[in-house]
Amino acid sequence: MEKIENLRDLANYLRANISEEDLFSKEDENISSFDNFQKGFESGYANSYANLLCLLDPEFKAEFDSKNANQDKPAE
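Residues numbered from 1 in each chain as written. Predicted model: local features only at pLDDT ≥ 70, side-chain atom pairs only at ≥ 80, totals over all residues. Heavy atoms only, no water.

## Considering the confidence of the model for the protein chain
- Predicted confidence across the protein chain gives a mean pLDDT of 84, with 89% of residues reaching 70 or more.
- When pLDDT is averaged over each helix and strand of the protein chain, the minimum, 84, is found for helix α2 (residues 20-23) and the maximum, 89, for helix α4 (residues 58-69). (pLDDT = per-residue confidence, 0-100. Helix = DSSP H or I, 4+ residues; strand = E, 2+ residues; numbered from the N terminus.)

Structure representation (structure tokens):
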């Protein structure tokens, strides 16, 4: 693991290691419930790290907010 000595190092590490696929994963009817649970678990971690990165990096926050706004919303 990289040595993290300050918040800038942490932001750089998070930015480089957050999976966009995990950030925006959705349940898939074609895979098992266990695999969907695993996807949700990984997505939860990715979103926690993304929320922390949003506090550290305004540019990432703007991009993250934009991508969240563009996600399909479930029909009510």
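There is more to say after this.
## With respect to the nonpolar core
- Of all hydrophobic cores here, the largest spans 11 residues; its members are Ala 11, Leu 14, Ile 18, Leu 23, Phe 24, Ala 46, Ala 50, Leu 53, Cys 54, Phe 60 and Phe 64.
- Elements with a minimum of two residues in this core: α1 (7-17), α3 (33-56) and α4.
- A total of 4 residues in this core trace back to one element, the largest contributor, which is α3.
- Dropping the residues within four chain positions of it, Leu 14 is found in contact with Tyr 49, Leu 52 and Leu 53. (Core = buried A, V, L, I, M, F, W, Y, C linked by side-chain atoms within 4.5 Å. Buried < 20%, exposed > 50% of the residue type's maximum accessible area, 1.4 Å probe, protein only. Contact = heavy atoms within 4.5 Å.)

## A word on α3
- Compared with an ideal rise of 1.5 Å per residue, which puts 24 residues at 34 Å, α3 spans 35 Å between its outermost C-alpha atoms and is within 8% of the ideal.
- For α3, the complete set of buried residues consists of Asn 36, Ser 43, Ala 46, Ala 50, Leu 53 and Cys 54.
- On the buried face of α3, the contacting elements are α1, α2 and α4. (Expected span 1.5 Å × (residues − 1).)

## Description of the packing of aromatic side chains
- A complete count under the given rule lists 5 aromatic pairs for this structure.
- Between Phe 37 and Phe 41, the ring centres sit 6.3 Å apart and the planes meet at 20 degrees, which makes this aromatic pair stacked. With Phe 37 and Phe 41 both in helix α3 and 4 residues apart, the pair spans about one turn of that helix.
- Ring geometry for Phe 41 against Tyr 45: centres 5.1 Å apart, planes inclined by 80 degrees, an arrangement best described as edge-to-face. One end of the pair is Phe 41 and the other is Tyr 45, both in helix α3 and 4 residues apart, which spans about a single turn.
- Through pairs of rings, three or more aromatic residues link up here, namely Phe 37, Phe 41, Tyr 45 and Tyr 49. (Phe/Tyr/Trp six-rings, centres within 6.5 Å; stacked < 30°, edge-to-face > 60°.)

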